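# Chains, contacts and geometry: an overview
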Amino acid sequence: MCAIAGIIGLKTDESIRKSMLDTMCRRGPDAQGTYVHEEATLLHARLAIIDLEGGKQPMELDWAGEHYVLSYNGELYNTGTLRKELAACGHDFKGYSDTEVVLHAYAEYGAACLDKLNGIFAFAVWEEKRGRLFLARDRIGVKPLFYKEHEKGLLFASEIKTILKYPTVKAKLDETGIAQLILLGPGRLPGSGVFQGIRELEPGYYGYYQDGKMETTQYWLLRDREHRENFANTVEHVRHLVFDSIERQMVSDVPIGTFLSGGLDSSIITAICANQEEKNGKHLKTFSVDYLDNDKYFQASKFQPNSDSRFIGIMENAFDTEHHWTVLTPEALCEALEEATIARDLPGMADVDFSLLAFCGDIRREVRVALSGECADEIFGGYPWYRDPEVRQREGFPWAQNTPQRASLLRSSMNAEEFVRDAYDQTCRESDILPGTSPLDRRMKEMVNLNFRWFMQTLLDRKDRMSMYHGLEVRVPFCDYRIAEYLYSVPWEFKDYHGQEKGLLRQAVRGLLPEEVLYRKKSPYPKTFDPRYTQLIAKRFQELQKQNAPVWELVRKEKLTEILESPSPWPWYGQLMRNPQIMAYFLQMNFWLRHYQVDIL
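This text gives an overview of the structure that appears in the document. (Residues numbered from 1 in each chain as written. Predicted model: local features only at pLDDT ≥ 70, side-chain atom pairs only at ≥ 80, totals over all residues. Heavy atoms only, no water.)

## Looking at the packing of aromatic side chains
The description of two aromatic rings rests on the distance between their centres and on the angle between their planes. Inclusion rule: Centres within 6.5 Å are what make two rings of Phe, Tyr or Trp a pair, Trp counting through its six-membered ring; a difference in plane orientation under 30 degrees is then read as stacked, over 60 as edge-to-face, and the rest as tilted. Secondary structure elements are taken from DSSP: a helix is a run of H or I of four residues or more, a strand is a run of E of two residues or more, and numbering for both begins at the N terminus. Exposure is judged per residue with a 1.4 Å probe applied to protein chains only, and the accessible area is read against the type maximum: over 50% gives exposed, under 20% gives buried, and values in between give partly exposed. In this scheme, Lys NZ or Arg CZ marks a charge over a ring once it lies within 6 Å of the ring centre and within 35 degrees of the ring normal.
According to the stated counting rule, one finds 29 aromatic pairs in the structure shown. Relative to Phe359, the ring of Phe259 lies with its centre 5.3 Å away and its plane at 80 degrees, an arrangement referred to as edge-to-face. A residue pair is termed long-range when its members are at least 10 positions apart, and Phe259 in strand E14 (residues 256–259) and Phe359 in helix H12 (residues 351–364) qualify at 100 residues. Note on accessibility: Phe259 and Phe359 belong to one class, buried. Members of the aromatic cluster, connected to one another through ring pairs, are Tyr68, Tyr72, Tyr106, Phe121, Phe123, Phe134, Tyr206, Tyr208 and Tyr219. The ring of Tyr469 is capped by Arg26, whose NZ or CZ atom sits 3.8 Å from the centre of that ring.

## Notes on the packing of helix H11 (residues 337–344) against H12
Test applied: Angular values range over 0 to 180 degrees, each being the angle between N-to-C directions of two axes fitted as lines to C-alpha atoms, with helices fitted over their stretch in contact. Any angle from 65 to 115 degrees is called roughly perpendicular, while one under 35 is roughly parallel, one over 145 is roughly antiparallel, and all others are oblique. We call two residues in contact when some of their heavy atoms are within 4.5 Å. Under the grouping applied here, Gly and all other residues not named as nonpolar or charged are polar, the nonpolar ones being Ala, Val, Leu, Ile, Met, Phe, Trp, Tyr, Cys and Pro and the charged ones Asp, Glu, Lys and Arg.
One way to put it is that H11 packs onto H12 with a least axis distance of 9 Å and a crossing angle of 85 degrees. Regarding the angle of H11 to H12, the classification is roughly perpendicular. Listed contacts from H12 to Leu337, Glu339, Ala340, Ala343 and Arg344 of H11 are Asp353, Phe354 and Leu357. In terms of residue class, the contact of H11 with H12 is made up of 5 nonpolar, no polar and 3 charged.

## Section: the sheet that holds strand E12 (residues 205–210)
We count it as follows: At least two bridges found by DSSP between two strands are what make those strands a pair.
A sheet is described by the order of its strands in space; here 6 strands give the open sequence E4-E5-E6-E7-E12-E13, paired in antiparallel fashion. A strand with exactly one partner marks an edge of an open sheet, and here the two such strands are strand E4 (59–63) and strand E13 (213–218). Mean inter-strand twist for the sheet, computed between neighbouring axes without regard to direction, equals 20 degrees. The pairing of strand E5 (residues 66–76) with strand E6 (residues 119–127) spans 9 bridges and is classified as antiparallel. Bridge pairing in E6 places Asn73 opposite Ala122. Where helix H3 (residues 98–109) meets the sheet, it contacts E4, E5, E6, strand E7 (132–137) and E12, and its direction lies at approximately 130 degrees from that of E5.

## So, helix H19 (residues 481–488)
Counting buried residues along H19, 7 of its 8 residues qualify, which places the element largely inside the surrounding structure. For H19, the full list of buried residues reads Tyr481, Arg482, Ile483, Ala484, Tyr486, Leu487 and Tyr488. For H19, the secondary structure elements touched by its buried residues are helix H6 (231–248), helix H13 (376–380), helix H18 (439–468), helix H20 (492–495) and helix H21 (503–508).

## Describing a nonpolar patch on the surface
Put simply, the test is: Residues qualify for a patch when their relative accessible area is over 30% and they have no salt bridge, like charges being joined within 9 Å and the nonpolar side chains of Val, Leu, Ile, Met, Phe, Trp and Tyr within 5 Å. Each accessible area is a Shrake-Rupley estimate made with a 1.4 Å probe; only the visible protein chains count as cover when residues are assessed. When a carboxyl oxygen of Asp or Glu is within 4 Å of a side-chain nitrogen of Lys or Arg, the pair counts as a salt bridge.
A cluster of nonpolar side chains, namely Leu292, Trp325 and Val327, defines an oily patch on the protein surface of about 260 Å² accessible area. Counting through the fold element by element, Val327 comes out in strand E16 (residues 322–328).

## Focus: the pairing of E13
Within a regular strand, the side chains alternate between the two sheet faces. As paired elements, E12 and E13 share 6 bridges and run antiparallel to each other. Pairing of Tyr209 across the sheet is with Met214, part of E13. Connecting E12 to the antiparallel partner E13 that follows it, the hairpin turn spans 2 residues, and Asp211 within it adopts a positive phi of roughly 55 degrees.

## Details of the nonpolar core
Worth spelling out the cut-off: To form a nonpolar core, buried Ala, Val, Leu, Ile, Met, Phe, Trp, Tyr and Cys residues must be joined to one another through side-chain atoms within 4.5 Å.
Counting 198 residues, the largest nonpolar core has Leu114, Phe123, Phe134, Phe195, Ile268, Phe586 and Trp592 as its most contacted members. Those residues in contact with Ile268 that sit more than four places away from it in its chain are Val242, Ile246, Phe478, Leu505, Val509, Leu512 and Leu513. Core analysis: the second largest hydrophobic core is formed by 19 residues, Ala40, Ala124, Tyr147 and Met214 among them.

## A few points about the packing of H6 against helix H7 (residues 264–279)
Here is the rule we go by: Here a crossing is called left-handed whenever its near helix is offset anticlockwise from the far helix by less than a right angle, and right-handed whenever the offset is clockwise.
At a closest axis distance of 10 Å, the pairing of H6 and H7 adopts a crossing angle of 60 degrees. Taken together, H6 and H7 sit at an angle that is classed as oblique. For the element pair H6 and H7, the recorded crossing hand is right-handed. Residue-level contacts link Val242, Phe243, Ile246 and Glu247 of H6 to Ile268, Ile269, Ile272, Cys273 and Gln276 of H7.

## Looking at the sheet that holds E14
Taking strand neighbours across the sheet as the criterion, the 5 strands line up as E16-E15-E14-E17-E18 in an open arrangement whose pairing is parallel. Edge positions in the sheet fall to E16 and strand E18 (473–475), since each of these pairs with one other strand and no more. Across the sheet, the axes of successive neighbouring strands diverge by a mean angle of 30 degrees, strand direction being ignored. Relative to E16, strand E15 (residues 285–291) is paired through 7 bridges, and the arrangement is parallel. What sits directly across from Lys285, in E16, is Glu322. Contacts between H12 and the sheet are confined to E14, E15, E16 and strand E17 (369–371), with E15 contributing the most and set at about 145 degrees to the helix.

## Re the pattern of salt bridges
For the coordinates displayed, the defined rule picks out 46 salt bridges. Between Asp377 and Lys502 there is a salt bridge; the shortest N-O distance is 2.9 Å. Remark: Lys502 occurs in the loop between H20 and H21 and Asp377 occurs in helix H13; sequence separation between them is 125 residues. Owing to a relative accessible area of 3%, Lys502 belongs among the buried residues under this scheme. Of the charged contacts in the structure, one is a salt bridge between Asp496 and Arg387, with a shortest N-O distance of 3.0 Å. Remark: Arg387 occurs in helix H14 (residues 384–387) and Asp496 occurs in the loop between H20 and H21; sequence separation between them is 109 residues. For Asp496, a relative accessible area of 18% translates into the label buried. Several salt bridges converge on common partners, so that one network encompasses Arg27, Arg137, Lys143, Glu159, Lys161, Arg188, Glu200, Asp345, Asp461, Asp464 and Arg465.

## Some thoughts on the side chain of Asp377
Using the following cut-off: Pairs of N or O atoms within 3.5 Å make up the polar contacts considered here, provided that, within protein, one atom can donate a hydrogen while the other can accept it, and that residues adjacent in sequence are counted only when both atoms are side-chain atoms.
Take Asp377: its relative accessible area is 7%, and that puts it in the buried class. Only 2.9 Å separates the side chain of Asp377 from the side chain of Lys502, close enough to count as a polar contact.

## Quick word on empty space enclosed by the protein
Here is the rule we go by: Here a cavity means grid points, on a 1 Å grid over the protein atoms only, where a 1.4 Å probe fits yet cannot get out; a pocket means an open set of points with protein on both sides within 12 Å along at least five of seven lines; lining residues are those with an atom within 4 Å of a point. Grid points are joined across faces, edges and corners, and a volume is the space filled by probe spheres set on the points.
Applying the stated criterion to the full structure yields 10 cavities of 30 Å³ or more. Volume-wise, the largest cavity comes out at about 650 Å³. Listing elements by their share of the lining of the largest cavity, those giving two or more residues are H7, E15, H12, H13 and H18. With 4 residues, the top contributor of residues to the lining of the largest cavity is H18.

## Things to note about the state of the cysteines
Going by this rule: By convention in this document, the label disulfide applies to cysteine sulfur atom pairs within 2.5 Å.
Within the structure shown, the criterion is met by 0 disulfides. The thiol of Cys273 is not disulfide-bonded; the next cysteine sulfur, from Cys479, is found 15 Å away. The exposure class assigned to Cys273 is buried, which follows from its relative accessible area of 0%. Cys360 supplies the cysteine sulfur nearest to Cys334, a cysteine that is in no disulfide, at a spacing of 19 Å.

In structure tokens, the structure reads:
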């Protein structure tokens, strides 16, 4: 994994390039590279995982009368197959990196190469003779790519902070940006970078920039198909896809590990990886996070029915892993508030971000690559809002059932309910659903698309930014587009087999996991229940309330106080954001406004 950036049609010099590269070094700590042309500058910072010597970038290629230059961030999981196909077309390779294969694939097929790539990626190709830039992002949006059309030119980068380093770019926040922070946050509109004028290339899209114009095209989306397999065949199909995806994603020239919560998704990944490592005479390294005195303060709830430690112990013993614990204190969480905001470039998921940032720092001391269980819940229907008939029939985003509360915070006169409803309705309309689909399956496909476009993107943002801030590559095997495509058309009665969350997935991995883990009820990423954390955050928040702080230009202070004094039965966002996390979110927002020197329009 790496960081990429570029300056097209704009003035640049060594100091500008250095300033932008300096923001990229945490994502790419191993090497930096620069390509400079009179019309284009491409920048790259590398985290070396495959072909440590041969994968240097930007990478250049002369082919069929054109000179191509690639800056690539990602990991390809079908490199060998595609290399053979390209070799049959006359391509020669100097090394064995996936970077070189992507470059040759683009030279051979153009934008159609994207249909052949199985992986997670964001990349840019400069066509020197045509004077044209190609940008692309993976189907599901695991790797980020932002851009800004600016002064008759274009800036692009893996992270927003890099774009903001260009001398004439200013951090600005308009009414739409404010509405996203308060009404949708920590989610955001698809394609939006929240800052005025900064866009994100959406998952499953590519774009061409030429003659001062950016044109984007969607090359992939979830499409509904008739599902013709019976339940038994569906179980076998899912088992094959899951095993194949995880085994493919173990490819690495450096040691790997897995996140392990003791839940179904991370345990499946851990079991398959541990079995593969055992064949090579190795013990898999596994990693878990917990909080000091969590056994004392943990509070079971509808969203978090039990803590992780017992189930982690079962997995550790069953698969003989080399296990590592990160145990965090309330003080450590609070200390990471500012750093996590910088890592994300936006206010995030409060202590869920803070803890993940610290956790990834510990993992990076042991391995450079780790596999994680994100996205299984979106694809297999594991979240409570999939399975609660009352919640799933409500209009509005099911992970944020609090628009009236949020709207009361706005200082502007915009129609908040309409803003949220329009975003929600558009996503529902975009869901591809076959005619004649039953009302239940129609709604479940809408729910999948809503989660894909919104909630899952927030989680992928979190995992990418918190891990790459420490130069840790995290792979997410359940995000294999083949799994997503297949499962989208599978009937809900199969997914919800025996009325159990992710019942289909559990059937597909029977015999792989200990029974207690196989049938453990879903529990999300852990948070601390330690009252000291609440006290520390509350103290910071009380100090903020006394200040003439920039956040109060966006938010009605008295209304936020009312919300905190009369909490909603629903979390602020997702499953975990309650009062301490709401306070932390607005502390993040205030720090963000100051640190990025945001002009509020």
